[in-house]
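# Descriptive structure summary
Chain by chain, the residues run as shown.
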Amino acid sequence: MDILQITGSDHRSFMAIIQLLSIFCIICVPMEVMGKNGNASASSPRPSVVNVGALFTINSVIGRAAKPALEAAVDDVNSDSSILPGTKLNLITLDTNCSGFIGTMEALQLVENDVVAAIGPQSSGIAHVISHVVNELHVPLLSFGATDPTLSALQYPYFLRTTQSDYFQMFAIADLVTYYGWREVIAIFVDDDYGRNGISVLGDALAKKRCKISYKAAFTPGASNSAINDLLVGVNLMESRVYVVHVNPDSGLKIFSVAQNLGMVTKGYVWIATDWLPSLLDSIQPVDVNTMNLLQGVVALRHYTPDTDLKKRFMSRWNSLKYKNTTGPAGFNSYALFAYDSVWLAARALDAFFNDGGRVSFSDDPKLHDRNRSSLHLSSLRVFNGGQQYLQTILRMNFTGLSGQIQFDLDKNLVHPAYEVLNIGGTGMRRIGYWSNYSGLSVVAPETLYRKPYNTSTSNQQLYPAIWPGENSETPRGWVFPNNGKPLRIAVPNRVSYKDFVAEDKNPPGVRGYCIDVFEAAINLLPYPVPHTYMLYGDGKRNPVYNELVNGVAQNKYDAAVGDVTIITNRTKIVDFTQPYMESGLVVVAPVKEVKSSPWAFLKPFTVQMWCVTGAFFLFVGAVVWILEHRINHEFRGTPRQQLITICWFSFSTMFFSHRENTASTLGRMVLIIWLFVVLIINSSYTASLTSILTVQQLTSRIEGIDSLISSTEPIGVQEGSFAWNYLIDELNIAESRLVKLQNQDEYFSALKRGPKAGGVAAIVDELPYIELFLSSTNCKFRTVGQEFTKSGHFRGTPLLQSTCPPPSSNSLKMVIFKKFITNG
């Protein structure tokens, strides 16, 4: 009843109070989204303010570029009416200070503010820890700087990388190593999650290219110059001269500063740096000449971002951004682009999230509760109820940002990973090409190649020429003989026979012979020194057993063996051989007897059958011509006796082209022409055969080859130490009692001359090079009989140099193909 009695002025006051209450209610309702009342906060489809967190090290190369980019992106989103209408982004920035512990505490503090997404961190190690926090609270983590490939694992479903994974960068480095023909690298890296996991992927990428990391040189984060100096001194003693440096940009220059003092940035060295180095150099404004002097000839990779109008407009704003750091120069690098795009990714996804009916609400996690007398206040950490839906919305985003196309593949990596290949020289960096997983190395920008068919073939790889350390335009070899390496131990058989091939020598290097000449010629063709020392194998009183020599190489008693070592199947199973440089195979050598010429030697060119056939043809041709001529040619007429004489005389006289009878018929002349041609052939064959019989010395042997030798029971000579001994017994089943060991050429000559009846041998079985050398000094008293015989796969290879007797000297060698004795030749 009192209300009905209100006057006009009172009515106006009452209406004002009602309006104030309405405004208060309107304000309080969206603010409840930020509150923590009960188990679940009130929610609204379009809150007026949404918190987004940012977690990174502000005073760092990446942080100084990311901070102004993040704040500029938030301003751009809030000023764009087409994105999140009626909702403002509130950026909460916390500093991890390059500490895993502080980063974890800051992450917990950040999620207390009910953020719908966290941007960062830049450190892969901190990202591993924080990923467990956001997984529990269902808050998507958008990292613009954590490039550790293992963060893409299924273990971290709420981790999303808005930059490129080091997985692709390491494959780019593997392609670089293969492109320049190197086979081994040394990895220098910081020993944390970022360094270890990146280098692990590099090892896998190199293995696919049949290359490898020969040594992993790790150092602790924040290592002193003296520790790095000790590390590089050890690295410099090793064989490889290709170094891959994978460290963080804030301390990476220490590596090159120490390397410069050690003389390791000179000709012959190769330095490949990951994207940390271009990020650092891009941030230094103006260019520091002293820094650039440390990096001359270094090849580095930088994230590739297309030169779009959007990117150019942002870079033109960079110097005028009002959010510059006060702790140091905010140098621009590619991480600024990734940080900027991360904010826009969160905003666009949030806008789509709201359009799909998503609500921003948080609830307590029953697994989190305060322990007795604990001041951690774990209950203040609440779960983002729409986190899973928001995460899926982010994964579906597809738009063009400053860094290029923002779209995720099935592995939650950005599509189209690409890098620029840079070569540092003078006071700047020169681009010598690009790399992408779509086309490999190329001098054409990746976005152009995306319109062409997929092609990563080796023949398609291309880069512009690079200038290497020491202002060297030639591609470095990539390795040297290690300074702390020992000379190669080369075993040489100490022969007592056939010393023309290999033998001991009193003069340096202590051995001589044809095989040594070939080896030294091959060594001299190498563009680098290979220290080696020769070690004689054998007592010098008898030829060594070559199987034992080969076993010594297989057991690492020797690094290699040089000599007349035959390539046979059993030996190839335990050691590697060079390409053959002499033709090898077993032959039989036997005594020969001289056959003296007979007075009847003129009959030997033709056999009895040949003589009979020739005579029959003479009579046959004479009869045919008589039949064709006697009716029309008076010279073929007369008494029967005269006609028979004419037939015989005409045929035999044609042999000397002196027949007096002329042929009148056409058929008779045709027969005569054919017959004269046959007579010419018979005359030529007879003359050649008779000349050979009368002028060439005839030598014969009762041993016709290996088959006749096997079927007999006579003794066979074999060179001492030769594999032929076991071959004749095991493969040809010749009784061991028939074999006689012979040491040198004198014993060869004596045994063959005496023969089996006088205690000698019927024949000798040995390798062709030795037999050729032996026969060159026997004045044709012996010769090889039968064919050279080998068992498939046992000894003969395609010879690079044909052997002659005596063997040629090394001065006659034009080219020798020689398989390397050390890993990286």
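Rules of the game
- Residues numbered from 1 in each chain as written.
- Predicted model: local features only at pLDDT ≥ 70, side-chain atom pairs only at ≥ 80, totals over all residues.
- Heavy atoms only, no water.
- 1 Å grid on protein atoms, 1.4 Å probe; cavity = no way out; pocket = protein on both sides within 12 Å on 5 of 7 lines; lining within 4 Å.
- Points joined across faces, edges and corners; volume = space filled by probe spheres on them.
- Nonpolar A, V, L, I, M, F, W, Y, C, P; charged D, E, K, R; others polar.
- Helix = DSSP H or I, 4+ residues; strand = E, 2+ residues; numbered from the N terminus.
- Pairing = 2+ DSSP bridges.
- Contact = heavy atoms within 4.5 Å.
- Axes fitted to C-alpha atoms, helices over the stretch in contact; angles between N-to-C directions.
- Expected span 1.5 Å × (residues − 1).
- Buried < 20%, exposed > 50% of the residue type's maximum accessible area, 1.4 Å probe, protein only.
- Core = buried A, V, L, I, M, F, W, Y, C linked by side-chain atoms within 4.5 Å.
- Phe/Tyr/Trp six-rings, centres within 6.5 Å; stacked < 30°, edge-to-face > 60°.
- Lys NZ or Arg CZ within 6 Å of the ring centre and 35° of its normal.
- Patch = residues over 30% accessible without salt bridge, like charges linked within 9 Å, V, L, I, M, F, W, Y side chains within 5 Å.
- Areas by Shrake-Rupley, 256 points an atom, 1.4 Å probe, with all protein chains shown as cover.
- Salt bridge = Lys/Arg side-chain N within 4 Å of Asp/Glu carboxyl O.
- Parallel < 35°, antiparallel > 145°, perpendicular 65-115°, else oblique.
- Left-handed = near helix turned anticlockwise from the far one by under 90°.

Okay, empty space enclosed by the protein next. Taken as a whole, this structure holds 3 cavities of 30 Å³ or more when the rule is applied. Put simply, the largest cavity is a space of about 100 Å³. As for the largest cavity, its lining consists of Arg495, Tyr546, Asp564, Thr566, Arg571, Gln719, Glu720, Gly721, Ser722, Phe723, Glu767 and Tyr770. When the residues that make up the lining of the largest cavity are grouped by side-chain class, the tally is 3 nonpolar, 4 polar and 5 charged. There is about 50 Å³ of room inside the second largest cavity. Forming the walls of the second largest cavity are Leu55, Ala107, Leu110, Val111, Ala118, Ile119, Ile130, Val133, Val134 and Leu141. Looking at the lining of the second largest cavity, the elements that each hand over two or more residues are α3 (100-111), β3 (117-119) and α4 (124-137). Taken together, the residues of the lining of the second largest cavity break down into 10 nonpolar, no polar and no charged.

With that settled, consider the sheet that holds strand β18 (residues 488-493). Sheet architecture is open: 3 strands sit in the order β21-β18-β22, paired in parallel fashion. Both edges of this open sheet fall to β21 (532-537) and β22 (560-561), since each of them pairs with a single strand only. Here helix α15 (residues 514-525) sits on the sheet and contacts β18 and β21; the angle it forms with β21, its principal contact strand, is near 165°.

With 18 residues, helix α2 (residues 61-78) extends 27 Å between its outermost C-alpha atoms, agreeing within 8% with the 26 Å of an ideal straight helix rising 1.5 Å per residue. With 16 of its 18 residues buried, α2 lies for the most part within the structure.

To continue, consider the nonpolar core. Leu70, Leu89, Val116, Phe144, Leu350 and Tyr390 are the most contacted members of the largest nonpolar core, which totals 79 residues. Considering each element in turn, this core owes the most residues, 16 residues, to helix α12 (residues 334-355). Ignoring sequence-local partners within four residues, the contact set of Val116 consists of Val50, Asn51, Val52, Val139, Pro140, Leu350, Val360, Phe362, Phe384 and Tyr390.

Under the criterion given, the structure shown has 34 aromatic pairs. Between the aromatic rings of Tyr243 and Tyr269, the centroid separation amounts to 6.1 Å while the plane-to-plane angle is 40°, which identifies the pairing as tilted. Of this pair, Tyr243 sits in strand β8 (residues 242-246) while Tyr269 sits in the loop between α8 (253-261) and β9 (270-273), and the two are 26 residues apart along the sequence. Tyr269 carries the same exposure label as Tyr243, and that label is buried. Sitting over the face of the ring of Phe399, Arg348 holds its NZ or CZ atom 4.7 Å from the ring centroid. The ring of Trp725 carries the charged tip of Lys741 above its face, separated from the ring centre by 5.1 Å.

This next bit is on the pairing of strand β15 (residues 418-425). Counted residue by residue, β15 has 7 buried out of 8 residues, so it is predominantly covered. Note: strand β10 (residues 299-303) against β15, 5 bridges, orientation antiparallel. The residue of β15 that forms the bridge with Arg302 is Glu420. Here β15 folds back onto strand β16 (residues 428-436) in antiparallel fashion, the turn holding 2 residues, of which Gly426 has a positive phi close to 65°.

With that settled, the discussion passes to a nonpolar patch on the surface. Residues Ile674, Phe677, Val678, Leu680 and Ile681 make up a contiguous nonpolar surface patch of about 470 Å² in total accessible area. Tracing the backbone through its elements, the reader meets Phe677 in helix α20 (residues 666-695). Overall, Phe677 belongs to the exposed group, its relative accessible area being 54%.

Turning to the environment of Ile432, a few remarks are in order. Within the element layout of this structure, Ile432 appears in strand β16. Between the alpha carbons of Ile432 and Glu420 there is a distance of 8.0 Å; along the sequence they are 12 residues apart.

The next subject is the pattern of salt bridges. Taken as a whole and assessed by the stated rule, the structure comprises 16 salt bridges. Glu71 is the partner of Lys67 in a salt bridge, and the nearest nitrogen-oxygen pair spans 3.0 Å. Residue Lys67 and its partner Glu71 are both found in helix α2; the two are separated by 4 residues, about one turn of the helix. Judged by relative accessible area, Lys67 falls into the buried class, the value being 18%. The network of salt bridges with shared partners includes Asp282, Arg302, Glu420 and Arg431.

A word on the environment of Phe789. Residue position: Phe789 is located in strand β29 (residues 782-789). Classification of Phe789 as buried rests on a relative accessible area of 11%. Sequence-wise, Phe789 and Gly585 are 204 residues apart; in three dimensions their C-alpha atoms are separated by 6.5 Å.

This part is about the packing of α3 against α4. For the pair α3 and α4, the least separation of the axes is 9 Å and the interaxial angle reads 25°. Accordingly, the angle class assigned to the pair α3 and α4 is roughly parallel. Crossing angle aside, the handedness with which α3 passes α4 is right-handed. Of α4, the residues touching α3 (which contributes Gly100, Gly103, Thr104, Ala107, Leu108 and Val111) are Ile126, Val129, Ile130, Val133 and Leu137. Residue composition of the contact of α3 with α4, grouped by class: 8 nonpolar, 3 polar and no charged.

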